[in-house]
Amino acid sequence: MKPDFLNDIRFTDLTWAGAGPFGTKVFSDFGAEIIKVESTVRLDSVRTGGPFKDRRYGVNRSGYFASRNTGKKSFTADLKTKAGRALVHGLIEKSDVVSNNFGPGAMERLGLSYDEVREIKPDIVYLSMPMYGENGPLAELLGVGMTISAVTGLMWATAYEAGDPVGPGTHYPDHAANPYHAAFAVLAALRYRQLTGKGMKIDLSQVESTLNFIGTAVTDWAITGREPPITGNADAHAAPHNVYRTRGEDDWLAVAVIEDRHWTALCDVMGRGDLAADPALSTADGRIAARDRLDVAVADWAAGREADPAAAELIAAGVPAAKVASARHLIESDPQLAHRGYFQRVAHPELGDSLYAALPFTIDGERIELDRPPLLGEHTREILRDILELPEAEIDRLDAEGALK
C-alpha cells in the first residue's frame, strides 16, 4: 500500500547528504510531496559518493543516494542566479515546509533565511539542521555523521575496551537520531499550524539530538563527575555478555546472560556442570567479577560451533542469543525480515531492479510500498509547468539562460 496520511503536504527540500534527506524521506514514504532542490553546479555529495551500481560512476547510480531519497521529485535550479532563486521562492509560496541541513549562514547567503522565507509564506514550517545549531560559540563548526559521533562521545561510548574508539560510523547520527527527531519536530509544527494558523522555525542541533543516544552516560557524568569506563560489549549488570567467534570465515555469536536461569541454561548447553555448580558464579555479581574467565569458557565452546545452530540451541534453552548477522544474512536468511517484507525490489532506469530497505512496520497488515528515487532534474519541467504554472516558452527561456542547471 501507499499511505496517503500526508498527501496534502509539500516540502521545498534543500537538504543533502545523509541526515536531512533521510528525515524528509520519512514524509515521502507516507505520501507527502518532497521537491528536492538540486543543482548540476553543486551536486548532492552522496550522488557522487557511491557505492555505484556495477561499480560504474554516475550521478543517478549511487545506492547511498537512492536509499535516502525514495519517492521524491528532483528539481534543478542554479540558486546563484536571480532567476533560479525566484523559482525556489515560487515553490516556497506553494509549500508547507522548507528544510535544510546546511551550516549557519548558508541559507542567508541564498536569500532564504527564515525571515525572508516567512515573507514569502507566513505560515511556513522552517526546518534547519546544522551540526551545532544556528547560534552559540560552536555554531560555525561544521561536520558530518562521523564528526558528530566523535564530538558527542558516541564513539567513546561504543568503543572496545582496548585500542582507539571505532564507533558506529554515521548510522546513528545520520539514520536514527537526527532524521527522526527532525521528523517528529516537523509533525509537531504542522499540528501547531493546523491549530493556530501560525508557522514555526525549528533549529535542530544534530549534536544535541545525537547526545540522546548516550543520555545515561552524560547524566551520570553530570551528577557524579565520574567518567564511565569503556566496556566494549560488556554490561555493567550481566555476564557473560559478549560476542564470540564461531566456525566460519567471520561468524560471531552474541550471548547475554541477564538472569540466573540464563546462566544455568547456558552451562547446561555448554556441558559445563562444573561452572553451574560453582557457588561463586550463582549470582550476577559473582559472574561479573569473573567476567574474563567466563568469556574464555564461552569463547572456547563457541569456537567449535556454527553460529546459526548454536544460537538456535541457546534460544531453545531460554538463553538470549543471536548470530551476529551480516548484510547478506539479513537479506537472504533472516526469517523475520522476510516475513515482514522488509527488503523491497524497486525498478529504476539506471539502477535497475534493486533492493531497498523499507519501513520496519506494516499498516493494517500491509507493508508500505516504496516509490523509486529520482533522476537528477527529472521533474524540473513538470514542477515548473504544473506547480508554478509556467508556459513551455518561459521554461525554455529559463533553461537557455542557465537558471535550471
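Residues numbered from 1 in each chain as written. Predicted model: local features only at pLDDT ≥ 70, side-chain atom pairs only at ≥ 80, totals over all residues. Heavy atoms only, no water.

Colleague: What is the right way to read the overall build of the protein from this model?
Modeller: From N to C terminus, the protein includes 19 helices and 13 strands. For the C-alpha atoms alone, the extent of the protein along its principal axes is close to 85 × 50 × 40 Å. Across the 405 residues that make up the protein, the buried fraction comes to 46%. Accessible area of the protein: about 20,200 Å², with a carbon and sulfur share of 53%. Within the protein, one finds 43 positive and 58 negative side-chain charges whose respective centroids are separated by 4 Å. (Helix = DSSP H or I, 4+ residues; strand = E, 2+ residues; numbered from the N terminus. Buried < 20%, exposed > 50% of the residue type's maximum accessible area, 1.4 Å probe, protein only. Areas by Shrake-Rupley, 256 points an atom, 1.4 Å probe, with all protein chains shown as cover. Lys, Arg positive; Asp, Glu negative; His and termini not counted. Charge placed at Lys NZ, Arg CZ, Asp CG, Glu CD.)

Colleague: Can you help me understand the domain arrangement of the protein in this one?
Modeller: For an interface, size is often stated in terms of accessible area lost upon the parts coming together. Entries for the protein in the domain assignment read domain 1 (10-213 + 361-400) and domain 2 (241-333). Taking the mean C-alpha position of each, domain 1 and domain 2 sit 43 Å from one another. (Domains from an automatic or database assignment.)

Colleague: Looking at this structure, how should I read the layout of surface pockets?
Modeller: Over the atoms rolls a probe the size of a water molecule, and its path tells where empty space is left. Reported here for the largest pocket is a volume of approximately 1,000 Å³. Along the wall of the largest pocket there are 43 residues; nearest its centre are Leu-14, Trp-16, Arg-42, Asn-101 and Phe-102. When residues of the lining of the largest pocket are traced back to their parent elements, those giving at least two are strand 2 (33-38), helix 4 (106-109) and helix 6 (145-152). Of the residues forming the lining of the largest pocket, the biggest block, three residues, is contributed by strand 2. Residues belonging to the lining of the largest pocket are distributed by class as follows: 24 nonpolar, 10 polar and nine charged. Around the second largest pocket sit 34 residues that line it, and Phe-22, Ser-67, Tyr-342, Ala-357 and Ala-358 are the ones nearest its centre. No other element matches the five residues that helix 2 (residues 63-68) contributes to the lining of the second largest pocket. Each residue belonging to the lining of the second largest pocket can be placed in one class, and the counts come to 25 nonpolar, four polar and five charged. When residues of the lining of the second largest pocket are assigned to domains, at least three fall in each of domain 1 (10-213 + 361-400) and domain 2 (241-333). (1 Å grid on protein atoms, 1.4 Å probe; cavity = no way out; pocket = protein on both sides within 12 Å on 5 of 7 lines; lining within 4 Å. Points joined across faces, edges and corners; volume = space filled by probe spheres on them. Nonpolar A, V, L, I, M, F, W, Y, C, P; charged D, E, K, R; others polar.)

Colleague: Any chance you could explain the pattern of salt bridges here in plain terms?
Modeller: Pairs may arise between side chains of opposite charge once their charged atoms sit close together. The full count for this structure, using the stated rule, is 32 salt bridges. Put simply, Glu-134 and Lys-201 hold a salt bridge, and the shortest N to O gap is 2.6 Å. Of the two residues, Glu-134 sits in the loop between strand 5 (125-128) and helix 6 while Lys-201 sits in strand 6 (residues 200-203), which places them 67 residues apart along the sequence. When salt bridges that share partners are traced, they join Arg-381, Arg-385, Asp-386, Glu-392, Asp-396 and Asp-399 into one network. (Salt bridge = Lys/Arg side-chain N within 4 Å of Asp/Glu carboxyl O.)

Colleague: Would you take a moment to explain the packing of aromatic side chains for this structure?
Modeller: Two measures describe an aromatic ring pair: the distance that separates the ring centres and the angle between the ring planes. Counted under the stated rule, the structure contains nine aromatic pairs. Both rings, one in Phe-22 and one in Tyr-180, keep their centres 6.1 Å apart while their planes meet at 85°; by these two values the pair is edge-to-face. Taken as a pair, Phe-22 in helix 1 (residues 19-29) and Tyr-180 in helix 8 (residues 171-196) lie far apart in primary sequence, 158 residues in all. Residue class for Phe-22 comes out buried when judged on its relative accessible area of 15%. By relative accessible area, Tyr-180 is classed as partly exposed at 33%. Centroid distance Phe-52 to Tyr-57: 5.1 Å. Interplanar angle 70°. Geometry classified as edge-to-face. The exposure class assigned to Tyr-57 is partly exposed, which follows from its relative accessible area of 49%. Three or more aromatic residues link up through ring pairs in this structure, and these residues are Phe-5, Phe-30 and Phe-361. Positioned over the ring face of Phe-65 is Arg-47, at 3.8 Å from the centre of the ring. (Phe/Tyr/Trp six-rings, centres within 6.5 Å; stacked < 30°, edge-to-face > 60°. Lys NZ or Arg CZ within 6 Å of the ring centre and 35° of its normal.)

Colleague: Help me understand a nonpolar patch on the surface, please; the structure alone is not making it clear to me.
Modeller: On the surface, Tyr-180, Phe-184 and Leu-187 cluster together into a nonpolar patch covering about 310 Å² of accessible area. Relative to the helices and strands, Leu-187 is located in helix 8. (Patch = residues over 30% accessible without salt bridge, like charges linked within 9 Å, V, L, I, M, F, W, Y side chains within 5 Å.)

Colleague: Explain the packing of helix 6 against helix 8 to me, please; I cannot follow it from the model alone.
Modeller: Between two packed helices, both the angle of their axes relative to each other and the distance between the axes serve to describe the pair. Two numbers describe how helix 6 lies on helix 8: the axes approach to 9 Å, and their chain directions differ by 70°. As far as their axial angle goes, helix 8 and helix 6 are roughly perpendicular. Residue-level contacts link Gly-145, Ile-148 and Ser-149 of helix 6 to Pro-173, Asp-174 and Asn-178 of helix 8. Its residues assigned to classes, the contact of helix 6 with helix 8 shows two nonpolar, three polar and one charged. (Axes fitted to C-alpha atoms, helices over the stretch in contact; angles between N-to-C directions. Parallel < 35°, antiparallel > 145°, perpendicular 65-115°, else oblique. Contact = heavy atoms within 4.5 Å.)

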